[in-house]
Amino acid sequence: MKRALQVGLPLLLIGAALAYYQLSQPHTPQALFLKRCSTCHALPDLSGYQKEELAPLVQFMRTHNGAYRVISDAEAPVIIAYLESRWPISTSSADPDPSMILIQTSRTQ
Ligand code: HEC
């Protein structure tokens, strides 16, 4: 019994920590964009960007603005694909929150 506790309790704690970490991570491409791209500045308004400028923009954040510490190699393509799928990202003066603008923009290409 004591042995079971000695082995089982640390395993349980590791499991709980992993589960907590997993749950606290953004799980959709949109959540990833909303969370990662608002870490250092307000969520950017991307309405002025051409579709082919989005990937270089995300990479530029990583290579020049330190975002490699926040956005992993695996996450960058997910965010890029999400933004490209949402292009054209339109702004609306009726809705000043860029995250809402992205959610509402329909796929029109
Ligand atoms: C590690 C910090 C960091 C992260 C994460 C980050 N940025 Fe930035 N970003 C900066 C800095 C620094 C600047 C330049 C100074 C400023 O405008 O605040 C900037 C500026 C920008 C600008 C304005 C560029 C211009 O030429 O005016 C845009 C657009 C932008 N970021 C988009 C993004 C997007 C999209 C993401 C997510 C993929 C992102 N950023 C993630 C640090 C970051």
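Sequence positions are assigned chain by chain, starting from 1 and proceeding in written order. Given that this is a predicted model, residues contribute local features only at a pLDDT of at least 70 and side-chain atom pairs are listed and counted only at 80 or more, while totals for whole chains, interfaces and linings are drawn from all residues.

Peer 1: Explain the site of the ligand to me, and be specific about the residues and the numbers.
Peer 2: For each residue, a C-beta atom is placed from the backbone, and the residue is labelled near a molecule or strand when this atom is within 6 Å of it. As a structural note, the neighbourhood of the ligand is formed by 16 residues, with C37, C40, P44, N65 and A67 the closest of them. Labels follow the DSSP assignment, with helices taken as runs of H or I lasting at least four residues and strands as runs of E lasting at least two, numbered in each case from the N terminus. A total of three residues in the shell around the ligand trace back to one element, the largest contributor, which is helix α3 (residues 51-64). Residue type decides the class: Asp, Glu, Lys and Arg count as charged, Ala, Val, Leu, Ile, Met, Phe, Trp, Tyr, Cys and Pro as nonpolar, and the leftover types, Gly among them, as polar. Split into classes, the residues belonging to the shell around the ligand amount to 10 nonpolar, four polar and two charged.

Peer 1: Go over α3 with me, naming the residues and quoting the values.
Peer 2: Taking 1.5 Å per residue, 14 residues should reach 20 Å; α3 reaches 20 Å between its end C-alpha atoms and fits that length. Partly exposed residues are those falling between the two cut-offs: more than 12 but fewer than 20 other C-beta atoms within 10 Å of their own, whereas 20 or more means buried and 12 or fewer means exposed, with C-beta atoms placed from the backbone. Residues of α3 that are buried include every one of L54, V58 and M61, and no others. Take α3 and look down its axis: the buried residues cluster within an arc of 60°, on one side only. Among the exposed residues of α3, those oriented more than 90 degrees off its buried face are E52, P56, F60, T63 and H64. Each element contacted by the buried residues of α3 is listed here: α4 (75-86). Directly beyond the C-terminal end of α3, a positive phi value near 85° is found at G66. Helices are assigned an expected span. That span is 1.5 Å times one less than the residue count. An arc is given here, and it is the one of the directions from the helix axis to the C-beta atoms. A residue pair is marked as a contact if its C-beta atoms, positioned from the backbone, fall within 7 Å.

Peer 1: Hey, could you go over the environment of L43 for me, with residue numbers and the actual values?
Peer 2: As for its position among the elements, L43 is in the loop between α2 (29-36) and α3. Given 17 C-beta atoms within 10 Å, L43 falls into the partly exposed group.

Peer 1: Tell me about the environment of I79, and please be specific about residues and values.
Peer 2: The residue I79 is located in helix α4 in this model. I79 sits 43 residues away from R36 along the chain, and the two C-alpha atoms are 9.0 Å apart. Other than its neighbours up to four places away in sequence, I79 contacts P29, L32, F33, R36, V58 and I71.

Peer 1: Tell me about the packing of α2 against α4, residues and numbers included.
Peer 2: Under this scheme, a helix contributes an axis fitted over its contacting stretch, all axes are lines through C-alpha atoms, and angles between N-to-C directions fall in the 0 to 180 degree range. One way to put it is that α2 packs onto α4 with a least axis distance of 9 Å and a crossing angle of 105°. With respect to α4, the element α2 is oriented roughly perpendicular. Across the interface between the two elements, P29, Q30, L32, F33 and R36 from α2 touch E75, V78, I79, A81, Y82 and L83 from α4. Of the residues assigned to the contact of α2 with α4, the class counts are eight nonpolar, one polar and two charged. When an angle is under 35 degrees it counts as roughly parallel; over 145 it counts as roughly antiparallel; between 65 and 115 it counts as roughly perpendicular; any other value is oblique.

Peer 1: Describe the nonpolar core, and please don't skip the residues or the numbers.
Peer 2: Working definition: the nonpolar core is a set of buried Ala, Val, Leu, Ile, Met, Phe, Trp, Tyr and Cys residues, joined through C-beta atoms within 7 Å. Counting nine residues, the largest nonpolar core is built from F33, C37, L46, L54, V58, M61, I71, I79 and L83. Among the elements of the structure, α3 and α4 are those that each provide at least two residues to this core. Among the elements that make up this core, the one with the highest residue count is α3 (three residues). Those residues in contact with F33 that sit more than four places away from it in its chain are I79, Y82 and L83.

Peer 1: An account of the packing of α3 against α4 is requested, with residue identities and associated values reported.
Peer 2: Between α3 and α4, the shortest axis-to-axis distance is 9 Å and the interhelical angle comes to 150°. Comparing their axes, α4 and α3 come out roughly antiparallel. Crossing handedness for the pair α3 and α4: right-handed. Contacts from K51, L54, A55, V58 and R62 in α3 reach A76, I79, I80, L83 and E84 in α4. For any pair of crossing helices, the crossing counts as left-handed if the nearer helix is rotated counterclockwise from the farther one by less than a right angle, and right-handed if it is rotated clockwise.

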